[in-house]
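The primary structure of each chain is shown beneath.
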Amino acid sequence: MNNRVVITGLGVVSPNGINVADFTHAIKNGISGIRHDQELKDLNFSCQIVGEPQIPEGYLLNYFSPLELRNLKSSGIEYGVIAGLDAWKDAGLALPTEDEPDWDSGTIFGTGTSGVDKFRIGIDIIDNGQVRKLGSGTVVQTMASGVSAFLGGKLGLGNMVTTNSSACSTGTEAVILAYERIKNGQAERMLAGSTSDKGPYIWGGFDAMRVCTYKHNEEPEKGSRPMSASASGFVPSVGAGALVLESLDSALSRGAKIYAEILGGNINSGGQRGLGSMTAPNPVAVQRCITEAMKSAGIKPEEIDTINGHLTATSKDSLEIENWAKALNRYGNDFPYINTVKSMIGHSLSGTGSIECVASVLQIDQDFIFPNINCEDLHPEIEELIDKSRIPTTLINKKISTLAKANFGFGDVNACIIFKKYNNG
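In short, a report on the structure. (Residues numbered from 1 in each chain as written. Predicted model: local features only at pLDDT ≥ 70, side-chain atom pairs only at ≥ 80, totals over all residues. Heavy atoms only, no water.)

## Re the pattern of salt bridges
The tally for this structure, following the rule as stated, stands at 15 salt bridges. Residue D377 is joined to R225 by a salt bridge in which the shortest nitrogen-to-oxygen separation is 3.4 Å. In this pair, D377 is assigned in the loop between β11 (368-369) and α15 (380-383) and R225 in the loop between α9 (200-209) and β7 (240-247), connecting sequence segments 152 residues apart. The class of R225 is buried, set by a relative accessible area of 10%. Counted as one network, the salt bridges with shared partners bring together K342, E356 and K405. (Salt bridge = Lys/Arg side-chain N within 4 Å of Asp/Glu carboxyl O. Helix = DSSP H or I, 4+ residues; strand = E, 2+ residues; numbered from the N terminus. Buried < 20%, exposed > 50% of the residue type's maximum accessible area, 1.4 Å probe, protein only.)

## Some remarks on the side chain of D412
If you trace the backbone, D412 turns up in the loop between β13 (402-409) and β14 (413-420). Although D412 is buried, it makes no salt bridge; R273 carries the closest opposite charge, 7.7 Å away. Within polar-contact distance, the side chain of D412 engages the backbone nitrogen of N282 at 2.9 Å. Excluding residues that lie within four positions of it along the chain, D412 makes contacts with N268, S269, G270, G271, Q272, R273, G276, S277, M278, A280, P281 and N282. (Lys, Arg positive; Asp, Glu negative; His and termini not counted. Polar contact = N/O pair within 3.5 Å; in protein donor to acceptor, adjacent residues only side chain to side chain. Contact = heavy atoms within 4.5 Å.)

## Side note on unusual backbone geometry
Of note in this structure, Q272 is not a glycine but carries a positive phi near 55 degrees. Its place among the elements puts Q272 in the loop between β8 (260-269) and α11 (283-297). On the basis of relative accessible area, Q272 is assigned to the partly exposed category, the value being 33%. Of note in the backbone geometry, N374 takes a positive phi value of approximately 65 degrees without being a glycine. By the element assignment, N374 lies in the loop between β11 and α15.

## Focus: the environment of L349
Tracing the backbone shows L349 in the loop between α13 (342-345) and α14 (352-366). Sequence separation of L349 and T111 is 238 residues, and the distance between their C-alpha atoms is 8.9 Å. Leaving out residues up to four positions away in the same chain, L349 has contacts with A167, C168, I202, W203, F206 and F234.

## Examining the sheet that holds strand β5 (residues 161-162)
Within the open sheet, the ten strands sit side by side as β5-β4-β6-β7-β1-β8-β14-β13-β9-β10. Their pairing is mixed. If you trace the sheet from one side to the other, it starts and ends with β5 and β10 (337-339), each paired once. Bridge analysis of strand β4 (residues 105-110) against β5 gives two bridges, and the strand direction is parallel. In the strand pairing of β5, I108 is matched with T162. Running at roughly 135 degrees to strand β1 (residues 5-13), helix α4 (residues 75-90) makes contact with β1, β4, β6 (189-195) and β7 of the sheet. Its contacts with the sheet place helix α8 (residues 170-183) against β1, β4, β6, β7, β8, β13 and β14, and it is angled at close to 170 degrees to β6. (Pairing = 2+ DSSP bridges. Axes fitted to C-alpha atoms, helices over the stretch in contact; angles between N-to-C directions.)

## Side note on the environment of I7
Mapping I7 onto the fold places it in strand β1. Sequence separation of I7 and E292 is 285 residues, and the distance between their C-alpha atoms is 22 Å.

## Regarding the environment of I202
Tracing the backbone through its elements, the reader meets I202 in helix α9. It is 13 Å that separates the C-alpha atoms of I202 and C168, two residues lying 34 residues apart in sequence.

## A word on helix α1 (residues 20-28)
Among the residues of α1, V20, F23, T24, A26 and I27 are the ones counted as buried. What you see down the axis of α1 is that its buried residues fit within an arc of 165 degrees, all on one side. Immediately downstream of α1, the backbone of G30 shows phi near 65 degrees, a positive value. (Arc of directions from axis to C-beta.)

## Quick word on the side chain of N339
The residue N339 is located in strand β10 in this model. A distance of 2.9 Å separates a polar atom in the side chain of N339 from a polar atom in the side chain of Q363.

## Some details on the packing of α8 against α14
Two elements in contact, α8 and α14, have axes separated by 5 Å at closest approach and are oriented at 65 degrees. By the angle class used here, α8 and α14 are roughly perpendicular. Here α8 contributes G171, T172 and V175 to the contact with α14, which in turn contributes G353, S354 and C357. Considered class by class, the residues forming the contact of α8 with α14 number two nonpolar, four polar and no charged. (Parallel < 35°, antiparallel > 145°, perpendicular 65-115°, else oblique. Nonpolar A, V, L, I, M, F, W, Y, C, P; charged D, E, K, R; others polar.)

## Let's talk about α8
End to end, α8 covers 20 Å across 14 residues, agreeing with the expected 20 Å (1.5 Å per residue, within 8%). Taken together, the buried positions of α8 are occupied by T170, G171, T172, E173, A174, V175, I176, A178, Y179, R181 and I182. Following α8 by one or two positions, G185 has its phi on the positive side, about 80 degrees. (Expected span 1.5 Å × (residues − 1).)

## Regarding the packing of α11 against helix α12 (residues 317-328)
Where α11 contacts α12, the axes come no closer than 9 Å and their chain directions differ by 45 degrees. Taken together, the axes of α11 and α12 are oblique relative to one another. At the point where α11 passes α12, the crossing takes the right-handed sense. When α11 is examined against α12, the residues P283, V286, Q287, I290, T291 and M294 are found in contact with a partner set consisting of L319, N323, W324, K326, A327 and L328. Here the contact of α11 with α12 is built from residues that sort into eight nonpolar, three polar and one charged. (Left-handed = near helix turned anticlockwise from the far one by under 90°.)

Have a look at this one:
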């Protein structure tokens, strides 16, 4: 089969907006969600700023029962369930009331870790010889598939319910995998997304690797500087994004709003060969991922209007731009517009791809290109490749037909997806 696949629902939990409306307002206006974190300062972290969603007191009761919340210590599950249920509701899909599962609907919802804080509590309990006090929620909160298990139960999903995990490419990979399942006729609807846990036990390893910025602890909003000459590393953050993917026939049959269409995508690995390593991308694989995604989508490089990049504010930003330019064979003024939400929210690791996919789809649906902030001092290596005008620093109101979105993760893994404005032709 070769079903057309469209996006009918969006949900997001981000440092600069915990719902789609607030998130849209923030990215249009270049509003940062990065703040100082006193706990990281007390723990002697070099980087003492983070992007963390601001969840109001009592807000979780809209998504979890009081019993579920009693011992819930997994921020990633919290964010993922909020984003997932919001996307489902946004798609106009009702919560199940029947005893029968929804055999046509499933979820692929990624994460990097789950319940790290729950693990820490459990370690102390076990070390004190009190294993029977762990509680029944420990397993589901600490297993990687905890987030998809929660969503599967709340939505009564009877199709594939699983969790993928591929470092920073997790979210975009989840969307591609869900797209392929619907395209091949194995499901009518899939909830795709990803999430990440928060806290020093997640971010500590990156701080120790010295890949996080340390120069902006007193001015948090200036800390995340993708493509900037003064970038000094990424700002750790957390959050979740979710998209409801649906066969076009299903969406049309129920009169659903269609945000965008997915034309194709590609997932690959550089095998940690050549210039690739556990932490560095193999440029040959990155370029191949982009070109194969275009081939899958049936488009030519000149059809891409906008790129939503990975662009973490590390030394690899220039290499990423070079890889895009070589893969598209487009340079200077001919290069598409390119932007990244990370300038406003930091790098939310396994959650980043899905949040950025939501931002990408919003741009297509609402005809705008959001600004990059903190890159007024564009890196000279980037400016040698593409014209500065291709990196907008103010909002551009412009119709977008085709957008390429990619993420590249630790382990030398890559994912690139092609979104397009829907037309019924």
